[in-house]
Amino acid sequence: MTISTTAVRSRSQHIQRRIFEILDGAVVDRASKACEIFIASLVVANVLVIILESVPELHTAYGTYFHIFDLISVIIFSIEYVLRVWSCGQKYAQEAGSSWRGRKEYIFSAFGMVDFLSTVPFYLQLLFPGADLRVLRMFRLLRIFKLSRYNSAMDDMFEAIKSEKDSFSSAMFLLLISCLLFSSLIYIIEGHDQPEVFPSIPAAMHWFILTIISGWGNVDPVTYLGVALVVVTQILAIALAAILTGVVATAYTAQVQRREAVYEMEVREVLADGVVTEEERQKLQQMQAKFGMTDEQVEAIAEQVKAERLARGEP
Amino acid sequence: MVNDLKRALMEILEGSPKYKVSRYVEWLITAVVLINCSAVILDSVPEIHAVHRDFFHELEFWSVMFFTLEYGLRVWSLGAKFGPMAGGSWKGRRQYIFSPFGLIDFFATMPHYLHLFFPTLDLRILRVLRLLRILKLSKYNTALQDLFRAVSSERRAFGSAAFLLLIATVVSASLMHFAEGHEQPEAFGSIPHSIYWSIVTITSGYGNVEPVTKAGEVIALLTGFLGVCMAAIMTGIVASAFSNQMSRKKAAYQSQLRLALADGNISSAERDSLKQLQAKYRLSDAQVQVFIDEADKKNVQ
């Protein structure tokens, strides 16, 4: 009796482990690849349906089909969510925390929230049929963010931006301060002359952000001071765009250089004993794929390391 | 004898620095292409077309002859690219014919003959294809190739930026449809309609339709701000790609220089190869001098 329960448990644990591997995509094999492609295409189809459904003519003609498609998608996404929660119990072995630690981590992660919020409101509608459909559609739209799980380049981008978060926050801080300052000033200067466009500071803030974004805030100033303020705001808009661009450029450059340095270290290590084994070659190739480096980049690094070794008189 | 000629012709047409003629050939082709493009532009002005019609016709005929000759010679001479061991003479030819440049050369010239066989063909398509000739110039523009290489080394970053742009467009269009669809059905009546507004707002910061609801205003401002961020991301990626490419080139040149200096003196062969490398990477003399000084300093130490 005890033996059979352990056997059953280990079997179910094995399945759990396998499902976790497939859904998580950490181990790349055919099943996880197929699962990824399936979910990604289902999400793309969902987004297309949401867009098409909003066309009144199409909605009247194919409304039922859209509804059936949504129903099937919700069922699949629900199964996916439940499987994810269940299999995440395997993330940490028993010693490192109970099975609920991995589950909690998933449920409260950004992806977990997206998975939940993009699926569950459908059931709410079943319970409360009178709910506003527009809110429901908005939640359905969240499904598009499920795609970002499969875009590793997005991770690169966020990683690059995160490493420069101080510069970003200082740019944002500058924007915030100038927003408060300039909208108060324009309200004080022009508020009397154009009460219909600058009736309050929040209204002036709207003007400020529009000027920053598009270069013209839809309002022409009538006083000389107002003109000066508008011109300064426009120059600020250009400066802010330049600052943001510079920060992004630095972030990316730093990231690429970091990766090249890591790769170079690896090449040096591989070449240290003078021979490149098949295993080492595969490792380098995996690294290249992970970092998204071109063959040319890789060759340049290899050449450089080789030339350095030659210059030092090593084989 | 024929093989030597073929090889020499290939190197001349490929722009090898070994032959002085190759530079003149390059100039000649560039000049013919520029004259052709000017002719296509001028020919579209009705008054000029009425007066100089015959001249343009002549010019087109002789240009097509010239380009046909060029294409034929290229295909023939590229047979020498790979020896009989490395794949035979057709390997190099096939490589050229199906390369972007080969396809451009083909489609910029051959439609003229189609016109001879089918005189009823729509002339406008023919004219558009004639404009393809300007792309022949890109073969001689190494800076353009650098640009493509830099961009392709950051293609993943571009991919993620494009993905972000797509998400931003779809999400902002849908939100706008939900917020303003009832108030302004002519502009936001469906999501495909609002997508046009989204793209205008992201690219220019100011949409073609003004929102009337408070929620719509907030969405419009956020979309515009996202547009500024997208422009910053794109520009930043390009800037970073160029700067990384430049530092890679410098590093490669430096390591070659160090190699040449390793035995204490620079032989004339080494000097030549360094000169070629400098020209290929388009490093200025001042930059090279800095590298040499650095290497000298290290050697003294």
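Predicted model, so just to flag it, every value in this text is computed and none were measured. (Residues numbered from 1 in each chain as written. Chains lettered and ligands numbered in written order. Predicted model: local features only at pLDDT ≥ 70, side-chain atom pairs only at ≥ 80, totals over all residues. Heavy atoms only, no water.)

Caption draft 1: Summary view of the overall build of chain A. What chain A contains, in helices and strands, is 13 helices and 0 strands. Starting at the N terminus and ending at the C terminus, chain A contains elements arranged as α-α-α-α-α-α-α-α-α-α-α-α-α. Computed over the C-alpha atoms, the radius of gyration of chain A is 28 Å, more than 25% above the 20 Å expected from 2.2 N^0.38 for a compact globule of 315 residues. Dimensions of chain A along its principal axes, counting C-alpha atoms only, are 85 × 75 × 45 Å. (Helix = DSSP H or I, 4+ residues; strand = E, 2+ residues; numbered from the N terminus. Rg over C-alpha atoms; globule rule 2.2 N^0.38 Å.)

Caption draft 2: Molecular detail of the packing of helix α3 (residues 46-77) of chain B against helix α4 (residues 89-97) of chain B. All names here are of chain B. Between α3 and α4, whose axes approach to 8 Å, the crossing angle comes to 140 degrees. Relative to α4, α3 is oriented oblique. Residues Y71, R74, V75 and W76 of α3 form the contact with α4, whose own contacting residues are R93, Y96 and I97. Taken together, the residues of the contact of α3 with α4 break down into 5 nonpolar, no polar and 2 charged. (Axes fitted to C-alpha atoms, helices over the stretch in contact; angles between N-to-C directions. Parallel < 35°, antiparallel > 145°, perpendicular 65-115°, else oblique. Contact = heavy atoms within 4.5 Å. Nonpolar A, V, L, I, M, F, W, Y, C, P; charged D, E, K, R; others polar.)

Caption draft 3: Seen up close, the pattern of salt bridges. Residue and element names in this part refer to chain A. Applying the stated criterion across every chain yields a total of 19 salt bridges over all chains. When the shortest N-O distance is used, the salt bridge between R84 and E80 registers 2.9 Å. With R84 and E80 both in helix α3 (residues 56-87), this residue pair falls 4 residues apart, about one helical turn. Residues R84 and E80 agree in their burial class; the two are buried. For D115, the salt bridge is made with R84, and the minimal N-O distance between the two is 3.9 Å. Of the two residues, D115 is situated in helix α5 (residues 110-117) and R84 in helix α3; the sequence distance between them amounts to 31 residues. A cluster of three or more residues bridged by salt bridges with shared partners is formed by E53, D70, R140 and R143. (Salt bridge = Lys/Arg side-chain N within 4 Å of Asp/Glu carboxyl O. Buried < 20%, exposed > 50% of the residue type's maximum accessible area, 1.4 Å probe, protein only.)

Caption draft 4: Representation of the environment of B:I266 within the structure. Residue and element names in this part refer to chain B. Mapped onto the elements, I266 comes out in the loop between α12 (214-261) and α13 (268-281). Using a relative accessible area of 29% as the deciding quantity, one classes I266 as partly exposed. Between the alpha carbons of I266 and D293 there is a distance of 14 Å; along the sequence they are 27 residues apart. Discounting chain neighbours no more than four positions away, the residues touching I266 are A260, L261 and R271.

Caption draft 5: Broad picture of the interface of chain B and chain A. Each partner contributes residues to the interface: chain B has 50 residues there, and chain A has 51 residues. Each partner contributes to the roughly 4400 Å² buried at the junction of chain B and chain A, and carbon and sulfur atoms together form 72% of this total. Of all residues in chain B, B:R156, B:F178 and B:L221 give up the largest surface area on contact with chain A, accounting jointly for 17% of the area buried on that side. On inspection of chain B and its partner chain A, the count reaches 0 salt bridges. For the side of chain B that touches chain A, the elements supplying multiple residues, two or more each, are α8 (142-153), α9 (155-180), α11 (191-204) and α12 of chain B. Within the side of chain B that touches chain A, the residues separate by chemical class into 24 nonpolar, 18 polar and 8 charged. (Buried area = accessible area lost by both parts, 1.4 Å probe.)

Caption draft 6: Spatial organisation of the layout of surface pockets. One number sums up the size of the largest pocket: a volume of about 1600 Å³. Lining the largest pocket we find 45 residues, and of these B:T142, B:Q145, B:R149, B:A279 and B:K280 sit closest to its centre. For the lining of the largest pocket, the secondary structure elements donating two or more residues are α13 (295-311) of chain A together with α1 (2-13), α2 (21-43), α4, α8, α12 and α13 of chain B. Considering every element that reaches the lining of the largest pocket, the biggest residue donor is α12(B), with 6 residues. Of the residues contributing to the lining of the largest pocket, the split by class is 15 nonpolar, 13 polar and 17 charged. (1 Å grid on protein atoms, 1.4 Å probe; cavity = no way out; pocket = protein on both sides within 12 Å on 5 of 7 lines; lining within 4 Å. Points joined across faces, edges and corners; volume = space filled by probe spheres on them.)

Caption draft 7: Expanded view of helix α8 (residues 152-163) of chain A. Between its first and last C-alpha atoms α8(A) spans 17 Å; for 12 residues at 1.5 Å apiece the expected length is 16 Å, and the two agree. Regarding α8(A), the residues found buried are A:A153, A:M154, A:D156, A:M157 and A:A160. Considered in projection along α8(A), the buried side chains sweep an arc of 155 degrees and stay on one side of the axis. Looking at the buried side of α8(A), the elements it contacts are α11 (224-272) of chain A together with α9 and α12 of chain B. (Expected span 1.5 Å × (residues − 1). Arc of directions from axis to C-beta.)

Caption draft 8: Quick peek at the packing of aromatic side chains. Inspection of the entire model under this criterion finds 15 aromatic pairs over all chains. Seen in terms of ring centroids, A:Y62 and A:Y65 are 6.3 Å apart; in terms of plane orientation they differ by 45 degrees. Their pairing is tilted. On the criterion of helical spacing, the pair formed by A:Y62 and A:Y65 is a turn pair, its members being 3 residues apart in helix α3. By relative accessible area, which is 57% here, A:Y65 ends up exposed. With 5.7 Å between their ring centres and 65 degrees between their planes, B:F66 and B:F67 make a pair best called edge-to-face. Taking the relative accessible area as the measure of exposure, B:F66 reaches 22% and is therefore partly exposed. Taken together, B:Y71, B:Y96, B:F106 and B:F107 form an aromatic cluster joined through their ring pairs. Above the ring of B:W90, the side-chain terminus of B:R93 is found at 4.8 Å from the ring centroid. (Phe/Tyr/Trp six-rings, centres within 6.5 Å; stacked < 30°, edge-to-face > 60°. Lys NZ or Arg CZ within 6 Å of the ring centre and 35° of its normal.)

Caption draft 9: Main features of helix α9 (residues 165-190) of chain A. With 26 residues, α9(A) should reach 38 Å at 1.5 Å per residue; the first-to-last C-alpha distance of 36 Å fits that figure. Three or more residues of α9(A) are buried, namely A:F168, A:A171, A:L175, A:S178, A:C179, A:F182, A:S183, A:I186, A:I189 and A:E190. Looking at the packing, one finds that the buried side of α9(A) touches α8, α10 (201-214) and α11 of chain A together with α12 of chain B.

Caption draft 10: Layout of the side chain of B:S194. Considering the arrangement of structural elements, one finds B:S194 in helix α11. Not counting the four nearest positions on each side in its chain, B:S194 is found in contact with B:A173, B:H177, B:A187 and B:F188.

Caption draft 11: Geometry of the nonpolar core. One finds A:I186, A:W207, A:F208 and B:I237 to be the most contacted residues of the largest nonpolar core, which totals 34 residues. Elements with a minimum of two residues in this core: α9, α10 and α11 of chain A together with α9 and α12 of chain B. Among the elements that take part in this core, α11(A) stands out by supplying 8 residues, more than any other. Residue contacts for B:I237: discarding those within four places in its chain leaves A:Y252, B:E154, B:A157, B:F158 and B:A161. One finds A:V47, A:L141, A:L147 and B:I195 within the second-largest nonpolar core, a separate group that totals 22 residues. (Core = buried A, V, L, I, M, F, W, Y, C linked by side-chain atoms within 4.5 Å.)

Caption draft 12: Up close: empty space enclosed by the protein. Applying the stated criterion to the full structure yields 2 cavities of 30 Å³ or more. Taken as a whole, the largest cavity encloses approximately 170 Å³ of empty space. Lining the largest cavity are 16 residues, and of these A:V256, A:R259, A:F291, A:G292 and B:E154 lie nearest its centre. Where the lining of the largest cavity is concerned, the elements lending two or more residues are α8 and α11 of chain A together with α9 of chain B. Here the lining of the largest cavity is built from residues that sort into 6 nonpolar, 5 polar and 5 charged. Of the voids in this model, the second largest cavity is the one considered here, and its volume is about 50 Å³.

No statement about biological role is implied by the geometric values presented.
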